[in-house]
Amino acid sequence: MSALPVTLSDIEAARDRIAGRVRRTPMVRDEALTARLGHPVLLKCEYRQATGAFKLRGATNALLTLPPERLARGVVTASTGNHGRAVAHAARELAVRAVVCLSRLVPQNKVAAIRDLGAEVRIVGASQDDAMLEVARAVAEEGMTEVPPFDDPAVVAGQGTLGLEIVEDCPEVASVLVPLSGGGLAGGIAVAVKALRPQARVIGVTMERGAAMHASLAAGRPVEVEELPSLADSLGGGIGLQNRVTFPLCRALLDGTVLLTEAEIAAGIRHLGRQGHTVEGAAAVGIAALLAGKVRADGPTVALLSGGNIALDLHARIMAGAEAVA
Ligand SMILES: *Cc1c(COP(=O)(O)O)cnc(C)c1O
């Protein structure tokens, strides 16, 4: 196997670097699924991370690896979701300037939420592409540093710290079910888990609608897919046609990918909601795959609950039986 872009020692270094700045989240047993499947099913409750999602790990590690002169010029992103939130939070904690570039189509409440996190908002153009151009301009002309959402070794190493915690809390783990989009999370976790417990399976789980990494793995190279609305909105978006880090990691290390319908994702949210875990669609996919019988438990199985940032009215509609976003 050719050398991979992130190693176990990168992840161990990330753990030491971010210690005290991110929460070590709890792992709890899903009693209902454990009884039903006859194997322990464990929930890694990362939706209880400070920003409501794991992306704080990667963003914090990325910022802490930058030299002071680059930190002094600030960091920039175009993400309005969990990554943008993580970058804003990590920057505020380190007293670093953060700029979030948005198109003018982003709703006012989202703009306010980003400002509340202490980030500077730049409204440019009428599309995500325009916002991305402003990021490139800030990098080229102002010397700011972009913190990429997934395709970056420091970001992946930060997310991989979850793999260390999973093996520490469940040394006999047989399978880890990881939500999959750009592959920073799954790639990082797979590096750690495969190094510490090679016999464990690491499976990427995502939605049928717009599964970019799944399509890319099938094609043998990064490809684009059409983006469609999904309950698992945090799993949308491509992997980047110039992908350097997460595609090679996922190709080398994942034991498989599983695709879910919207109804299956809704059932996962409901199952977790009934146990008091209020999670977003992206975070419910591992449990949804078990409930749907698309992954067979073959020993202790850990599902990563990656984030909890779901609108409460949407969550209430799903708990009441709704199955779709629109
Ligand atoms: C970003 C995100 C993911 C997917 O992470 P990738 O590194 O892009 O694969 C999963 N769940 C939540 C809640 C996220 O915010």
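Procedures and definitions
Chains are numbered independently. Their residues run from 1 in the order of the written sequence. Totals for whole chains, interfaces and linings use all residues, but because this is a predicted model, local features are given only for residues with pLDDT of at least 70 and pairs of side-chain atoms are given and counted only at 80 or more. Based on all heavy atoms of the structure, the side-chain values leave hydrogens and waters out of the count. Secondary structure counts use DSSP, requiring at least four H or I residues in a row for a helix and at least two E residues in a row for a strand, with both numbered from the N terminus. The globule rule used here is 2.2 Å times the number of residues to the 0.38 power, and the radius of gyration it is set against is calculated over C-alpha atoms. Relative accessibility under 20% of the residue-type maximum defines a buried residue, over 50% an exposed one, and the middle range a partly exposed one, all with a 1.4 Å probe and only protein chains included. Any pair of residues with heavy atoms lying within 4.5 Å of one another is described as a contacting pair. Only the protein chains shown count as cover for residues, with accessible areas throughout obtained via the Shrake-Rupley method and a probe of 1.4 Å. Lys and Arg are tallied as positive, Asp and Glu as negative. Neither His nor the chain termini are counted. Charge positions are represented by NZ for Lys, CZ for Arg, CG for Asp and CD for Glu. In these notes, residues near a molecule or strand are those with any non-hydrogen atom within 4 Å of it. In protein, a polar contact requires one atom able to donate a hydrogen and another able to accept it; more generally it is a pair of N or O atoms within 3.5 Å, and residues adjacent in sequence count only if both atoms are side-chain atoms. Ten residues, namely Ala, Val, Leu, Ile, Met, Phe, Trp, Tyr, Cys and Pro, are considered nonpolar, four, namely Asp, Glu, Lys and Arg, are considered charged, and the remaining ones, Gly among them, are considered polar. As used in this record, nonpolar core signifies buried Ala, Val, Leu, Ile, Met, Phe, Trp, Tyr and Cys residues forming a set joined through side-chain atoms within 4.5 Å. Bear in mind that the domain bounds are from an automatic or database domain assignment. We define buried area as the total accessible area lost by two parts upon association, computed with a 1.4 Å probe and summed across both. If DSSP finds at least two bridges between two strands, the strands pair. Lines fitted to C-alpha atoms define the axes here, with helix axes fitted over just the stretch in contact, and angles between the N-to-C directions of these axes take values from 0 to 180 degrees. Throughout, the arc means that of the directions going from the helix axis to the C-beta atoms. Salt bridges are defined as contacts in which a side-chain nitrogen from Lys or Arg sits within 4 Å of a carboxyl oxygen from Asp or Glu.

## Let's talk about the overall build of the protein
Per the secondary structure count, the protein includes 14 helices and 10 strands. The C-alpha atoms of the protein give a radius of gyration of 19 Å, which matches the 20 Å a tight globule of 326 residues would have. Out of the 326 residues in the protein, the part that is buried amounts to 55%. For the protein, long-range pairs separated by at least 24 residues make up 74% of all intrachain contacts whose partners lie at least 6 apart in sequence. Carbon and sulfur atoms form 51% of the exposed surface of the protein, whose accessible area is close to 13300 Å². Each charge class in the protein was averaged separately, 33 positive and 34 negative side chains, and the resulting centres sit 2 Å apart.

## Observations regarding the site of the ligand
Of all residues adjacent to the ligand, which total 16 residues, the nearest are Lys55, Asn82, Ser181, Gly183 and Ser306. One of the side-chain nitrogen or oxygen atoms of Lys55 is found 2.6 Å away from an oxygen atom of the ligand. Between the ligand and the protein, one listed contact pairs a nitrogen atom with a side-chain N or O atom of Ser306 at 2.7 Å. Notes on the ligand: free accessible area 390 Å², of which the protein chains cover 97%. Here the residues of the shell around the ligand are counted per class, giving six nonpolar, eight polar and two charged.

## A closer look at the nonpolar core
Judged by nonpolar contacts, the single largest core of 38 residues is most densely connected at Val178 and Ile189. Broken down by secondary-structure element, the contributors of at least two residues to this core are α1 (8-18), α8 (153-169), β7 (175-179), α9 (184-196), α10 (212-219), α11 (246-253) and β10 (301-305). The biggest single contributor to this core is α9, with seven residues. The contacts of Ile189, once residues within four sequence positions are left out, are Gln159, Gly160, Leu162, Gly163, Val176, Val178 and Leu304.

## Thoughts on the domain arrangement of the protein
How big an interface is tends to be reported as the loss of accessible area on association of its parts. When its domains are assigned, the protein resolves into domain 1 (8-54 + 152-319) and domain 2 (55-146). For domain 1 and domain 2, the distance between their C-alpha centres works out to 24 Å. Summing the contributions of domain 1 and of domain 2, the shared interface buries around 1700 Å²; its carbon and sulfur component is 56%. For domain 1, the biggest contributors to the area lost against domain 2 are Arg17, Arg21 and Thr51; these three give 34% of the whole.

## What to know about the sheet that holds strand β8 (residues 201-207)
If you walk across this open sheet you meet the six strands as β1-β2-β10-β7-β8-β9, and the pairing is mixed. Each of the sheet's edge strands pairs with one partner strand only, and the pair in question is β1 (27-29) and β9 (256-260). Each neighbouring strand pair of the sheet contributes to a mean axis angle of 25°, computed without reference to strand direction. Both β8 and β9 contribute to a ladder of five bridges, which runs parallel. In the sheet register, Val205 faces β9, and the bridge partner there is Val258. Lying on the sheet, α8 is in contact with β1, β2 (41-45), β7 and β10; it crosses β2 at an angle near 140°.

## A closer look at the sheet that holds strand β3 (residues 75-77)
Pairing in this open sheet of four strands is parallel, and the strands run β5-β4-β3-β6 from one edge to the other. Looking at which strands have only one partner, the edges of the open sheet turn out to be β5 (120-123) and β6 (145-146). Relative to strand β4 (residues 98-102), β3 is paired through three bridges, and the arrangement is parallel. Following the sheet pairing, Thr77 is matched in β4 by Val100.

## So, α11
Every buried residue belonging to α11 is among Thr246, Phe247, Leu249, Cys250 and Leu253, and all of these are buried. Projected onto a plane normal to the axis of α11, the buried residues spread over an arc of 165° and lie on a single side. Each element contacted by the buried residues of α11 is listed here: α8, α9 and α10.

## Focus on the pattern of salt bridges
Counted under the stated rule, the structure contains 16 salt bridges. The salt bridge involving Glu46 is made with Arg57; its shortest N-O contact spans 2.7 Å. Within this pair, whereas Glu46 is found in the loop between β2 and α3 (55-64), its partner Arg57 is found in helix α3, the two being separated by 11 residues in sequence. Overall, Glu46 belongs to the buried group, its relative accessible area being 0%. Glu142 serves as the salt-bridge partner of Arg122, at 3.0 Å between the closest nitrogen and oxygen.

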